[in-house]
Amino acid sequence: MSVKDFNLEQFIADARQAAVSENPILSAESLMKATVADCENIIANMPVIEECERMLFEDDTVSIWYCRFEPGTVVPAHDHQMHVVVGVYQGAEEHAFFDNSNGEYKEIKSLSLGATEVAKLSPNQIHTVTATNTASQALHIYLGKLSTVERSLFTFDSGKEIPFSVENYEKLAQVNSLT
Ligand SMILES: [Fe+2]
């Protein structure tokens, strides 16, 4: 039995506090680890969210998102320009990481992140995400204001860097669904 039921409002309050603490990355990571460790508790108490992604809170210091990824759909490669802490509470996220630092775009590693697991991403890391077998559900803490930061998308074939915008994102998502 859980000591305390998961409460989304409390999680948001705790994540906001972590973001302005002395060591935001470590604080956000330990909050996320403690939260998703009891993934059944989150599943039982998380409000139903219809859309695949929803911004739960944002200010200048932190952006908190709910993210659901579907098998068969690959999110276009992108960076974040800020630190990110990802915590999966259902299913598994499949990440592929890319590097373009030598003028050559290539996949450098993959990571399967299952329920109860947490990953930290650095500002310049480029990744794509999909889910294995069933939809994955996760909470993401971005240590900055994600909606206004200037960041990039990368085309699937050559990894050409283009500005992150809703229009460009949808174009790439469409290309991906045709292949
Ligand atoms: Fe991402």
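Residues numbered from 1 in each chain as written. Predicted model: local features only at pLDDT ≥ 70, side-chain atom pairs only at ≥ 80, totals over all residues.

Participant: What is the right way to read the overall build of the chain from this model?
Facilitator: Across its full length, the chain carries 4 helices and 11 strands. Taken over C-alpha atoms, the radius of gyration comes to 16 Å for the chain, in line with the 16 Å a tight globule of 179 residues would show. Principal axes of the C-alpha set define a box for the chain whose edges measure 50 × 35 × 25 Å. Split into buried and exposed, the 179 residues of the chain put 31% on the buried side. Once local pairs closer than 6 in sequence are excluded, the contacts in the chain between residues at least 24 apart make up 75%. (Helix = DSSP H or I, 4+ residues; strand = E, 2+ residues; numbered from the N terminus. Rg over C-alpha atoms; globule rule 2.2 N^0.38 Å. Buried ≥ 20, exposed ≤ 12 C-beta atoms within 10 Å, placed from the backbone. Contact = placed C-beta atoms within 7 Å.)

Participant: Would you explain the sheet that holds strand E4 (residues 84-90) in this entry?
Facilitator: Strand-to-strand pairing in sheets goes through backbone hydrogen bonds, with the strands running parallel or antiparallel. With respect to topology, 5 strands assemble into an open sheet ordered E1-E2-E9-E4-E7, the strand pairing being antiparallel. With partners counted over all chains shown, the strands left at the sheet margins are strand E1 (53-58) and strand E7 (118-121), one partner each. Each neighbouring strand pair of the sheet contributes to a mean axis angle of 20°, computed without reference to strand direction. In this sheet, strand E9 (residues 136-142) lies alongside strand E2 (residues 63-69) in antiparallel orientation, the contact comprising 7 bridges. (Pairing = 2+ DSSP bridges. Axes fitted to C-alpha atoms, helices over the stretch in contact; angles between N-to-C directions.)

Participant: So what exactly am I meant to see when it comes to the packing of helix H1 (residues 8-19) against helix H2 (residues 24-36) here?
Facilitator: When two helices pack together, you describe them by how their axes are tilted relative to each other and by the distance separating the axes. Here H1 crosses H2 at 155°, and the two axes come no closer than 7 Å. Between H1 and H2, the angle is such that the two are roughly antiparallel. Facing H1, whose interface residues are Phe 11, Asp 14, Ala 15, Ala 18 and Ala 19, H2 presents Pro 24, Ser 27, Ala 28, Leu 31 and Thr 35. Residues that form the contact of H1 with H2 fall into these classes: 7 nonpolar, 2 polar and 1 charged. (Parallel < 35°, antiparallel > 145°, perpendicular 65-115°, else oblique. Nonpolar A, V, L, I, M, F, W, Y, C, P; charged D, E, K, R; others polar.)

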